[in-house]
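Single-letter residue listing:
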Amino acid sequence: MSRTARLFQLMQALRSGPSPKTSAQLAQDLGVSPRTVHRDIDALRGLGAVIDGEAGFGFTLIEDATLPPLGFTDDELEALVLGLREVQSIGDPGLSEAASAVLRKLQGRLPQRQSHRLSHAVLTATRFDRPEKPTIDVAVLRQATWDERAVEFAYSDAKGQETHRRVNPLSIVYMDRSSILIGWCHLRQDFRFFRLDRMQKMSVLDQSFRPNRVPLLREALARIRAEREAKDREGAV
């Protein structure tokens, strides 16, 4: 196999499947040694590909310089429009405006035929009842989640009882009637769900829980699935 073909196959391997991919996995996929994989990763980086990671931790393709910008099939474009319209309907104010900005950028940069298709998309999303308006700055919460920094806030439950919480934020879920923070609660020492419209006086702490957000979120989602399956089994009895 030529080096050019091997580099192409390595890019394909990095694009597909879950990340990060270890050098051992990539070497097995390509039929080469891990040392060769490390050299080829350096070569791809030199060609403009942004690849995060290092030996022992695995590699993730962040930005692919070889893919043409805005190269969408018609179905992919319809999916983008549908998703962005949904974000406009249910997202917090910052995300809603960002979705509108993305649609405007797409409109201006797509080929003429697809620009027309975007303007007159067959699919759209409309919500007559928007989720309850958050009582915190969701952009700040999103950034704290990305940065893996704990947050503190006052929280009122369904009965109006207020508690003070310190939470490791893991993910924000936009639902039909409300938006929910999934987090690890220091007070309860367990996963908890917090409605954004019941949170007040939120502050971001210097306390970091990096690099645990992804494994904690994975555990939380696994527990949710297990509880749902248990309820389904009980209902089937």
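Our subject in this report is the structure included herewith. Computed from a predicted structure; not experimentally measured. (Residues numbered from 1 in each chain as written. Predicted model: local features only at pLDDT ≥ 70, side-chain atom pairs only at ≥ 80, totals over all residues. Heavy atoms only, no water.)

### Section: helix α2 (residues 23-30)
Along α2, the residues that are buried comprise Ser23, Leu26, Ala27 and Leu30. The buried side chains of α2 occupy one side of the element, clustering within an arc of 100° when seen end-on. In this structure, α2 carries Gln28 and Asp29 as exposed residues pointing more than 90 degrees from its buried face. Gly31 sits one or two positions beyond α2 and adopts a positive phi of about 75°. (Buried < 20%, exposed > 50% of the residue type's maximum accessible area, 1.4 Å probe, protein only. Helix = DSSP H or I, 4+ residues; strand = E, 2+ residues; numbered from the N terminus. Arc of directions from axis to C-beta.)

### Details of the sheet that holds strand β3 (residues 149-156)
Spatial ordering of the open sheet is given by β6-β5-β4-β3-β7, a layout of five strands whose pairing is antiparallel. The outermost strands of the open sheet, each flanked by one partner alone, are β6 (190-195) and β7 (199-208). Pairs of neighbouring strands in the sheet enclose a mean axial angle of 45°, with direction left out of account. Across six bridges, strand β5 (residues 179-185) lies against β6 in antiparallel orientation. Looking across to β6, one finds that Trp184 is bridged to Phe191. Where helix α7 (residues 138-147) meets the sheet, its contacts fall on β3, β4 (162-174), β5 and β7, and the angle it forms with β4 comes to roughly 80°. (Pairing = 2+ DSSP bridges. Axes fitted to C-alpha atoms, helices over the stretch in contact; angles between N-to-C directions. Contact = heavy atoms within 4.5 Å.)

### Observations regarding the packing of aromatic side chains
Applying the stated criterion across every chain, the model contains four aromatic pairs. A centroid spacing of 6.3 Å and a plane angle of 70° characterise the contact between Phe153 and Tyr155, whose relative ring orientation is edge-to-face. Owing to a relative accessible area of 7%, Tyr155 belongs among the buried residues under this scheme. With a centroid separation of 5.3 Å and an interplanar angle of 80°, the aromatic rings of Phe153 and Phe194 are classed as edge-to-face. In this pair, Phe153 sits in strand β3 while Phe194 sits in strand β6, placing the two residues 41 residues apart along the sequence. By relative accessible area, Phe194 is classed as buried at 1%. The side chain of Arg213 reaches across the aromatic face of Trp146, ending 5.7 Å from its centre. (Phe/Tyr/Trp six-rings, centres within 6.5 Å; stacked < 30°, edge-to-face > 60°. Lys NZ or Arg CZ within 6 Å of the ring centre and 35° of its normal.)

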